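Architecture at a glance
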Amino acid sequence: MNDLVQVRNKTTSVFDVDIIRQDFPVLGTMAYNKKLVYFDNAATSQKPSSVINKLTSYYNEYNANIHRGVHFLSRKATDAYDNVRTLAAKFVNASTEKEIIFVRGTTEAINLVASTFGKMKVGEGDEVLITGMEHHSNIVPWQMLCEEKRAKLRVVPISEKGEIHLEEFKSLITDRTKFISIVHTSNSLGTVNPVKEMIRIAREKNIPVMIDAAQAVVHENVDVQDLDCDFLAFSSHKMLGPTGVGVLYGKMKHLEDMPPYQGGGEMIHSVSFEKTSYNEVPHKFEAGTPNIADVIAFGEAINYYNKLDRDAAFLHEKELVKYALKRLQEIEGVKIIGQASERTSLVSFIVRGLNAFDIGMYLDTQGVAVRTGHHCTEPVMDRMQIPGTVRASFMFYNTKEEIEIFIEALKKAIKLLNK
Amino acid sequence: MVQSENMNGLATIENDIVEEFTLFDDWEQKYEYIIELGQKLPELNQVYKKDEYKIKGCQSSVWLNSYEENGRIFYEADSDSTFVKGEIAMLIRVLSGQKAEDIVNAELGFIDRIGLRQHLAMTRANGLAAMIKQMKLYALAFHAQKS
Ligand SMILES: Cc1ncc(COP(=O)(O)O)c(C=O)c1O
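Everything numeric here is computed off the predicted structure, so don't read it as measured data.

**A word on the site of the ligand**
Residue and element names in this part refer to chain A. Near the ligand you find 13 residues, and of these Thr-107, Asp-212, Gln-215, Ser-235 and Lys-238 are the closest. Contacts to the ligand include Thr-107, whose side-chain N or O atom sits 2.5 Å from an oxygen atom. Between the ligand and the protein, one listed contact pairs an oxygen atom with a side-chain N or O atom of Lys-238 at 2.7 Å. In isolation the ligand has 400 Å² of accessible area, and contact with the protein removes 85% of it. The cavity where the ligand resides is the second largest pocket. Residues of the shell around the ligand, tallied by class, amount to 2 nonpolar, 9 polar and 2 charged.

In structure tokens form, the structure reads like this:
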């Protein structure tokens with residue numbers, strides 16, 4: 001079954017969301033007899049049929065272990081798997097597919113870098129710099145590293161609007177700064193950080209930079225060569241692909257220098273009890289049988305993006321968030337959390353006097369799926385002095401009509417909870 | 001509410017709640033009812049709104065005070081979530097004023113029977129599951145002390 005987007009004429013000027021929606025079976029779901037409105041895309045996106053079908057066709061037609069079989073199926077599976085590395089490399093414009101390492105997700109990518117490159121570069125008294133809007137997955141691995149090395153984790157503060165000031169960023173870079181890891185696009189505030197400029201600043205001092213692009217690759221074109229970042233991480237499941245797969249991009253020279261992450265099969269060149277020599281990059285970092293099926297289906301997610309009129313899709317997302325912001329601000333008591341001038345297609349908010357969780361539960365009764373709480377960014381909530389927010393996050397397959405349903409449901413929730 | 005010694009008051013109240021919930025056909029109505037219960041929950045005295053009484057959850061917190069009177073255990077509680085307060089109201093209705101032993105052994109099957117189990121699972125992060133545990137622990141401690 002082909003996704004409709006494939007047969008759609010790319011040159012049509014209107015972005016036809018109705019046609020796009022037909023590619024995503026889940027979007028037709030009824031929740032408690034109401035039309036599902038899925039606004040929890042920043043947690044995980046829905047999947048087009050092409051991705052779902054790829055999973056079954058892999059298992060039905062060419063399930064085999066890869067890189068080791070001499071037979072027909074293994075060759076077919078190996079080809080399909082390796083091809084995704086090339087697709088992923090092109091997707092972020094890596095200079096070679098060898099710079100693409102498959103991991104379980106953004107979290108594993110960051111842990112991998114912290115426990116290999118990080119361990120190599122950071123020593124006692126050194127500093128690792130992050131920002132105040134990191135996801136826990138870009139805090140804890142560095143904290144663990146700093147604890148082990150007796151190094152110091154330093155944090156660039158965020159403003160009331162949820163932005164980073166470059167001057168503050170600059171002033172926190174010292175002679176002891178050995179690594180910088182920053183989120184490209186905040187999952188709780190929606191802020192898009194000036195990462196290119198931040199990398200340029202770090203580059204002047206020769207400090208390697210890692211970019212958490214989990215929320216970024218979904219809503220804009222990310223080019224690792226243009227950014228000139230040393231490492232970059234993202235997750236398949238947030239960009240139409242299956243769970244359990246992610247990408248770590250790393251500059252070739254770093255990947256070659258770094259020690260392996262885990263030991264096992266696939267990552268070795270030869271093993272004896274006296275001495276093991278490691279396989280080449282990227283295999284050095286992919287110990288054991290990989291997540292073959294999900295990687296192959298992830299390739300379909302990238303294909304979907306490639307066939308999509310991305311400019312139109314991203315523009316549509318921008319319009320959605322603009323519309324949602326406008327409608328939300330009309331409601332008495334609503335306060336938008338995160339008012340950065342550069343923002344992605346999500347909106348976090350609170351309602352005066354009301355608990356975010358209560359609101360989220362009511363929206364659920366109306367079939368509207370949002371996320372409530374701290375969104376794995378507790379320091380952001382502490383900074384804003386709130387326990388949590390309600391977050392609605394949009395994807396190109398969402399519509400203004402859905403935003404209307406959400407706004408109506410929200411108004412009802414406020415009325416009910418204020419009784 | 002006084003329960004006769006040989007009647008399991010706890011189970012009776014659970015049945016009453018289940019019966020009341022049969023009036024509602026969908027999740028929205030159940031939600032509204034629970035919110036109503038939450039809005040009616042008596043206020044907890046400010047002296048108990050302190051950290052030592054607080055059960056911190058991921059999305060909301062619960063404050064719980066427990067005490068014993070004439071061999072029975074009583075609870076009063078509050079939360080920053082009205083929905084959680086509604087759930088507290090039901091738990092208090094079932095457990096407060098019961099004998100320690102009955103509280104310890106309570107299976108609280110009504111949560112399942114009124115179709116709130118899924119939602120309770122979601123609220124694991126909300127201090128409610130921790131609150132049930134805390135209620136039982138208090139009863140257990142009292143029971144152990146007595147025997
Ligand atoms: C900004 C950001 N970084 C990292 C992550 C972690 O991604 P994953 O759970 O896929 O490893 C997320 C996902 O919630 C995120 O939004």
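Now that the structure has been shown, the text picks up again.
**Some thoughts on the sheet that holds strand β8 (residues 209–212) of chain A**
All names here are of chain A. The 7 strands lie next to each other as β4-β10-β9-β8-β7-β5-β6, forming an open sheet whose pairing is mixed. The open sheet is flanked by β4 (100–103) and β6 (152–156), the only strands paired with a single partner. On average, adjacent strands in this sheet sit at an angle of 20 degrees to one another, irrespective of strand direction. Direction of pairing for β8 relative to strand β9 (residues 231–235): parallel, over a ladder of 3 bridges.

**Some details on helix α2 (residues 27–40) of chain B**
Over its 14 residues, α2 of chain B runs 20 Å from end to end, which matches the ideal 20 Å to within 8%, given 1.5 Å per residue. Within α2 of chain B the residues assigned to the buried category are Trp-27, Glu-28, Lys-30, Tyr-31, Tyr-33, Ile-34, Ile-35, Leu-37 and Gly-38 of chain B.

**Examining the interface of chain B and chain A**
With 18 residues of chain B at the contact, the number on the chain A side is 16 residues. Interface area for chain B against chain A, summed over the two sides, is near 1600 Å², with a carbon-plus-sulfur share of 56%. Per-residue buried area on chain B facing chain A is highest for Trp-27, Tyr-31 and Gln-59 of chain B; these three make up 38% of the total on that side. In this assembly, chain B and chain A are joined by 1 salt bridge. Between Lys-34 of chain A and Glu-28 of chain B there is a salt bridge whose closest N-O contact spans 3.1 Å. At the junction of chain B with chain A, the criterion picks out 12 residue pairs in polar contact (both at pLDDT 80 or more).

**Regarding the domain arrangement of chain A**
Residue and element names in this part refer to chain A. The domains assigned to chain A are domain 1 (3–47 + 309–417) and domain 2 (53–306). Each of domain 1 and domain 2 has a C-alpha centre, and these two points are 27 Å apart. Listed by partner, the interface residues are 43 residues for domain 1 and 34 residues for domain 2. Interface of domain 1 and domain 2: buried area, both sides summed, is about 3100 Å²; carbon and sulfur atoms make up 51% of it. Where domain 1 packs against domain 2, one counts 1 salt bridge.

**Here we look at the environment of Ala-216 of chain A**
All names here are of chain A. Relative to the helices and strands, Ala-216 resides in the loop between β8 and α9 (224–227). Using a relative accessible area of 1% as the deciding quantity, one classes Ala-216 as buried. Residues contacting Ala-216, with those up to four places away along its chain left out, are His-184, Thr-185 and Val-222.

**Some details on the side chain of Ser-348 of chain A**
All names here are of chain A. Along the chain, Ser-348 turns up in strand β14 (residues 346–351). Residue classification places Ser-348 among the buried residues on the basis of a relative accessible area of 0%. Among the polar contacts made by the side chain of Ser-348, one reaches the main-chain carbonyl oxygen of Ser-188 at a distance of 2.7 Å. A distance of 2.9 Å separates polar atoms of two side chains, one belonging to Ser-348 and the other to Thr-389.

**Notes on the environment of Asp-228 of chain A**
Residues and elements named next belong to chain A. Mapped onto the elements, Asp-228 comes out in the loop between α9 and β9. Its relative accessible area of 29% is what places Asp-228 among the partly exposed residues. Spatially, the C-alpha atoms of Asp-228 and Val-195 are 9.9 Å apart, while their sequence positions differ by 33 residues. With residues up to four places along the chain from it excluded, the contact list for Asp-228 reads Ile-199, Arg-203 and Lys-251. Side-chain polar atoms of Asp-228 contact the side chain of Lys-251, separated by 2.8 Å.

**Some points on the pattern of salt bridges**
Side chains that differ in sign of charge can pair as their charged atoms come close. The final tally for this structure, using the stated rule, is 28 salt bridges over all chains. The shortest N-O distance in the salt bridge between Asp-78 of chain B and Lys-49 of chain B comes to 3.0 Å. Of the two residues, Asp-78 of chain B is situated in strand β3 (residues 72–79) and Lys-49 of chain B in the loop between α2 and β1 (54–56); the sequence distance between them amounts to 29 residues. In this structure Lys-49 of chain B comes out as partly exposed when scored by relative accessible area, which is 30%. In this structure, Lys-85 of chain B engages Asp-78 of chain B in a salt bridge whose closest nitrogen and oxygen atoms are separated by 3.6 Å. Here the two residues Lys-85 of chain B and Asp-78 of chain B agree in accessibility, since each one is buried. Connected through salt bridges with shared partners, the residues Arg-203, Asp-228, Asp-230 and Lys-251 of chain A form a single ionic network.

**Focus: the nonpolar core**
All names here are of chain A. Of all hydrophobic cores here, the largest spans 83 residues; its most connected members are Leu-232, Phe-298, Tyr-305 and Phe-396. Residue contributions to this core peak at 10 residues, all from helix α11 (residues 292–307). Taken domain by domain, this core gets at least three of its residues from each of domain 1 (3–47 + 309–417) and domain 2 (53–306). What Phe-396 contacts, discounting residues up to four positions off in sequence, is Phe-15, Val-17, Ile-20, Phe-24, Leu-240, Tyr-304, Tyr-305, Leu-308, Ala-313, His-316 and Glu-317.

Criteria and thresholds
- Residues numbered from 1 in each chain as written.
- Chains lettered and ligands numbered in written order.
- Predicted model: local features only at pLDDT ≥ 70, side-chain atom pairs only at ≥ 80, totals over all residues.
- Heavy atoms only, no water.
- Near = heavy atom within 4 Å.
- Polar contact = N/O pair within 3.5 Å; in protein donor to acceptor, adjacent residues only side chain to side chain.
- Areas by Shrake-Rupley, 256 points an atom, 1.4 Å probe, with all protein chains shown as cover.
- 1 Å grid on protein atoms, 1.4 Å probe; cavity = no way out; pocket = protein on both sides within 12 Å on 5 of 7 lines; lining within 4 Å.
- Sits in = over half its atoms within 2 Å of the grid points.
- Nonpolar A, V, L, I, M, F, W, Y, C, P; charged D, E, K, R; others polar.
- Pairing = 2+ DSSP bridges.
- Helix = DSSP H or I, 4+ residues; strand = E, 2+ residues; numbered from the N terminus.
- Axes fitted to C-alpha atoms, helices over the stretch in contact; angles between N-to-C directions.
- Expected span 1.5 Å × (residues − 1).
- Buried < 20%, exposed > 50% of the residue type's maximum accessible area, 1.4 Å probe, protein only.
- Contact = heavy atoms within 4.5 Å.
- Buried area = accessible area lost by both parts, 1.4 Å probe.
- Salt bridge = Lys/Arg side-chain N within 4 Å of Asp/Glu carboxyl O.
- Domains from an automatic or database assignment.
- Core = buried A, V, L, I, M, F, W, Y, C linked by side-chain atoms within 4.5 Å.

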